[in-house]
Amino acid sequence: MTSESAPKGEEFEAHRSRIEDPQFIAEFFAAYANALEEKVTASDSRFSDEELKAVEEFSKIRKLPHTKSFYETLVKVAQDFRFTPDEIDVLADRFLKK
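Rules used throughout
- Residues numbered from 1 in each chain as written.
- Predicted model: local features only at pLDDT ≥ 70, side-chain atom pairs only at ≥ 80, totals over all residues.
- Heavy atoms only, no water.
- pLDDT = per-residue confidence, 0-100.
- Helix = DSSP H or I, 4+ residues; strand = E, 2+ residues; numbered from the N terminus.
- Contact = heavy atoms within 4.5 Å.
- Axes fitted to C-alpha atoms, helices over the stretch in contact; angles between N-to-C directions.
- Parallel < 35°, antiparallel > 145°, perpendicular 65-115°, else oblique.
- Left-handed = near helix turned anticlockwise from the far one by under 90°.
- Phe/Tyr/Trp six-rings, centres within 6.5 Å; stacked < 30°, edge-to-face > 60°.
- Buried < 20%, exposed > 50% of the residue type's maximum accessible area, 1.4 Å probe, protein only.
- Lys NZ or Arg CZ within 6 Å of the ring centre and 35° of its normal.

A word on the confidence of the model for the protein chain. Of the residues in the protein chain, 84% have a pLDDT of 70 or more, and the chain-wide mean is 85. Helix α4 (residues 68–80) holds the highest mean pLDDT among the elements of the protein chain, 96, whereas helix α1 (residues 9–17) holds the lowest, 54. Below a pLDDT of 50 lies the segment residues 1–7, which in the model reaches four contacts outside its immediate sequence neighbourhood of four places, other chains included.

Here the focus is the packing of helix α2 (residues 22–41) against helix α3 (residues 49–61). At a minimum axis separation of 10 Å, α2 and α3 run at an interaxial angle of 150°. In this view, α2 runs roughly antiparallel relative to α3, as classed from their interaxial angle. Handedness of the crossing formed by α2 with α3: left-handed. Touching F29, Y32, A33, L36, E37 and V40 of α2 are L52, V55, F58 and S59, all from α3.

Scanning the entire structure with this criterion turns up 12 aromatic pairs. Their ring planes at 80° and their centres at 5.6 Å tell us that F24 and F81 sit as a pair that is edge-to-face. Separated by 57 residues along the polypeptide, F24 in helix α2 and F81 in the loop between α4 and α5 (85–95) bring together distant segments of the chain. The pair formed by F24 and F81 is uniform in burial state, with each residue classed as buried. A ring pair is formed by F29 and F95, whose centres lie 5.6 Å apart and whose planes are at 40°; its orientation type is tilted. Of this pair, F29 sits in helix α2 while F95 sits in helix α5, and the two are 66 residues apart along the sequence. No difference in accessibility class separates F29 from F95, as the two residues are buried. It is R62 that lies over the ring of F29; its NZ or CZ is 3.7 Å from the centre.

And the structure:
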């Protein structure tokens, strides 16, 4: 990243703090949960019974198994929220079990 494209001052602080902002993370969590719900209820869903149960319990336990499908959905939703790759890693650590 060049110094010209790097966020400066308040813009940098706002960018850095959004991953720590409980309201912003709650909005992300809701969007992620909705995206997962749409995927598992789709007519062409190929989730296992274990994965379906994990999605049902996600709103309570806030952790999912670290599967390819759950990770890809997290990345897609995170990109919609314009998270950086480093922030996506933090979100994966927060919401996916290793």
